[in-house]
Amino acid sequence: MPDLVIDTTGLRKIYGSKVAVADLTLQVPKGEVFGFLGPNGAGKSTSVKMLLGLVAPTSGVARVLGQAPGHTPTMGRLGFLPEHFRFHEWLQAAEFLDLHGRLLGMDRVSRRHRIPELLDQVGLTDQARRPLAGFSKGMLQRVGLAQALLNNPELVFLDEPTSALDPFGRRLVRRIIRDLAARGTTVFLNSHLLGEVEATCDRVAFIKAGRVLRTLGLHDLEMGLLHVELRVNALTPELTSALQSLGLAFRVLEDGPSNAPRTSIAQSSAPAGSAQPLVRSNGSAAAVAEADGPTATLELTLTDEQLLPVIAERALASGARLYALTPRRLSLEQLFLDVVGTEDSGQ
Amino acid sequence: MRNITTITWLTFQEARRRRTALAALLLGLAFLAFFMTGFTLISNSLNRFDNPFTRTANYNLLLMAGLYVVHFLLIMLAIFASVDTVSGEISSHTIQTIVTKPVQRWQVLLGKWLGLAIMLVLYLGLLSGGMFLGVYLLTGYLPPNPVEGLLLLMLEALMLLSVSLLCGTRFSTLTNGLVLLMLYGVAFIGSWIEQIGTLFQSDAATTLGIVTSFILPVEAVWRRAAYLMETPLARNLPSPFSMGSVPSSAMVIYAVIYVVVAWLLAARAFAKRDL
């Protein structure tokens, strides 16, 4: 049994007649970057609030760092960036961090040392003496993130940490999460941004209507199938046979100037290393008109990265003009839709 | 203890940064200047009379009029300063990063209560102390029982502070403000019913007034304070401060218990509330 940082059984929260969280049962071992995924209104934030003692569960049991949620001394070992990052806006950034350092029980010396370090880490060194009232949402989220890391926590809850951030900020958050993971900190990342989760998490749980539908390790999937996007001027019969000779499954994402919509693919029906070509477009892949420019986009499914240069060679040898050959990791988006369902709840 | 003082410090900072403290100070000084000008003008004309008895009674009457305004301002300030402190931080979610620190929720509440209470003490000290000092320097007059009287005025402010925190843990800022003002209105009218009932010897009206005082004993405590600080002569002059019936010291004890119980209920409600 690994050292569990979060361990819940049947956690449930009902507001009046509305079930916010139906049954939250999950285990997060120490040192893991855990992604908590779900559509809006699935109960992600309520779950985090229950784990932090902000919201009392209607029923169920939870242990966070071995204690009941909200256990006062244990809160000093946690970090939390709330979804609604609103702070005392009349405080300056450095004062805000100092206040939270004081509440964490940090002494003056360690606060003086730690605060500039964190401001630098989130890129706000020049804003240290500015009141938060003048901060943009992105800056507030950054300073909120610094606040969550003041005490070098063992467990950090980040609730939608990049919701207000530009691409620089997102990259920064990703780097911070990786640094935390490298130091052995457990990260509980609440998000509906699949890219963030895909880039940082070890394991994800899919939640819908307050219930964990599925938990899976992302590393396992990485070792599985690899999707490669291939863009060429046209999908010629020569190219088709060249790819088929490699025993590759592929599907046509876009073919010709008509910009056909993406077709869906069932993950399980693409056997790894299959010798069977898998063509899932309407009609024959070979029956394609030739045109200039990159008009055909294919998605190949392969099991070994070493095939990438070979694909390029064969494609060129077949006479195709190659515009792009882009390997993509497992499509978490596809997985998300598969697990959670495609129905948009509109919440 | 450190957590409590940190929150108290934060409450001060908020009043300072939002210029609430500055506005209260400047307006308080303006009020004092205005009062002292009026007092000087009136005391100059009183000096033409030789009867020290009448003079003292009139000084006392003027001072009581000033204190009545201070009592009212202090109550309003207690309401306005505290009405948003809990409900506002809950609705803006600011409270979430505070209470997820190794801090007990009651410590946050006590820190806020203390911060606001200290500011109200300072405000009362500025206004009433300034009035007493000004009058003393000008005429050498001090009312009887000034310390007891001012302590009772402070007790009124603390009552509203505790009730405000209690309501703030459950209601929105606007609702909380409305509840507090209505409670004060009931206490105010109840006090007058009691007075007039005594005047016209209607026992039922007097009893109704006394019962109303239990809902929020602010006016009852004010009348006790005014009674203590009035000269026997002034008590018998017709004025808004002369009393038909004077609340007993039991009402003061009730008020102290009221402050404590309201605070404890606030702490319990805050600890249980989903944030």
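Residues numbered from 1 in each chain as written. Chains lettered and ligands numbered in written order. Predicted model: local features only at pLDDT ≥ 70, side-chain atom pairs only at ≥ 80, totals over all residues.

1. Examining the overall build of chain A
In step 1: For chain A, the helix and strand inventory stands at 11 helices and 13 strands.
In step 2: The buried share among the 347 residues of chain A stands at 42%.
In step 3: Taking the intrachain contacts of chain A between residues at least 6 apart in sequence as the baseline, contacts between residues at least 24 apart amount to 73%. (Helix = DSSP H or I, 4+ residues; strand = E, 2+ residues; numbered from the N terminus. Buried ≥ 20, exposed ≤ 12 C-beta atoms within 10 Å, placed from the backbone. Contact = placed C-beta atoms within 7 Å.)

2. Considerations on the interface of chain B and chain A
In step 1: Listed by partner, the interface residues are 20 residues for chain B and 23 residues for chain A.
In step 2: Elements that contribute at least two residues to the side of chain B that touches chain A include exactly helix 1 (2–17) and helix 5 (94–99) of chain B.
In step 3: Residue composition of the side of chain B that touches chain A, grouped by class: six nonpolar, nine polar and five charged. (Nonpolar A, V, L, I, M, F, W, Y, C, P; charged D, E, K, R; others polar.)

3. Here's the deal with the environment of Q13 of chain B
In step 1: One can find Q13 of chain B in helix 1.
In step 2: Here the alpha-carbon distance between Q13 of chain B and G115 of chain B, two residues 102 residues apart in the chain, equals 9.7 Å.

4. Structural notes on helix 3 (residues 93–103) of chain A
Quick reminder: α-helices carry 3.6 residues per turn. Residues three or four places apart thus point the same way.
All names here are of chain A.
In step 1: Among the 11 residues in helix 3, 10 count as buried, and that is most of the element.
In step 2: Of all the residues in helix 3, the buried ones are A93, A94, F96, L97, D98, L99, H100, G101, R102 and L103.
In step 3: Following helix 3 by one or two positions, G105 adopts a phi angle in the positive range, close to 85°.

5. Brief notes about the environment of E230 of chain B
In step 1: Structurally, E230 of chain B is set in the loop between helix 10 (218–229) and helix 11 (232–236).
In step 2: A tally of 25 C-beta atoms within 10 Å means that E230 of chain B is categorised as buried.

6. Observations regarding the pairing of strand 9 (residues 211–217) of chain A
Residues and elements named next belong to chain A.
In step 1: Judged from the six bridges that link them, strand 8 (residues 203–208) and strand 9 form a sheet pairing that is antiparallel. Pairing of R203 across the sheet is with G217, part of strand 9.
In step 2: The hairpin turn running from strand 8 into strand 9, its antiparallel successor, is two residues long, and A209 in that turn takes a positive phi close to 50°. (Pairing = 2+ DSSP bridges.)

7. A look at the confidence of the model for chain A
In step 1: Confidence in the prediction for chain A averages 82 pLDDT; 84% of positions are at 70 or higher.
In step 2: Note on residues 258–291 of chain A: pLDDT is under 50 here. Beyond four places in sequence and across chains, it has 52 contacts. (pLDDT = per-residue confidence, 0-100.)

8. Examining the packing of helix 10 of chain B against helix 12 (residues 249–272) of chain B
Residue and element names in this part refer to chain B.
In step 1: With their axes 10 Å apart at the nearest point, helix 10 and helix 12 run at an angle of 135° to one another. Here helix 10 is positioned oblique relative to helix 12, judged by the angle of their axes. Relative to helix 12, helix 10 is oriented so that their crossing is left-handed. Here helix 10 contributes A220, V221 and R224 to the contact with helix 12, which in turn contributes M251, V252 and A255.
In step 2: Classifying every residue of the contact of helix 10 with helix 12 by side-chain character gives five nonpolar, no polar and one charged. (Axes fitted to C-alpha atoms, helices over the stretch in contact; angles between N-to-C directions. Parallel < 35°, antiparallel > 145°, perpendicular 65-115°, else oblique. Left-handed = near helix turned anticlockwise from the far one by under 90°.)

9. Some thoughts on the pairing of strand 11 (residues 249–255) of chain A
Residues and elements named next belong to chain A.
In step 1: Judged by how many residues are buried, strand 11 sits mostly within the fold: seven of seven residues are covered.
In step 2: By the bridge criterion, six bridges tie strand 11 to strand 12 (residues 296–302) in an arrangement that is antiparallel. For A249, the partnering residue across the bridge sits in strand 12 and is T301.

10. Points about the packing of helix 7 (residues 146–168) of chain B against helix 8 (residues 173–199) of chain B
A pair of packed helices is characterised by two quantities: the angle between their axes and the separation of those axes.
Residue and element names in this part refer to chain B.
In step 1: Helix 8 packs onto helix 7 with a crossing angle of 145° between their chain directions and a minimal axis gap of 9 Å. Between helix 7 and helix 8 lies a crossing whose hand is right-handed. Contacts between helix 7 and helix 8 involve L160, V163, S164, C167 and G168 from the first element and N176, V179, L180 and L183 from the second.
In step 2: The residue inventory of the contact of helix 7 with helix 8, partitioned by class, reads six nonpolar, three polar and no charged.

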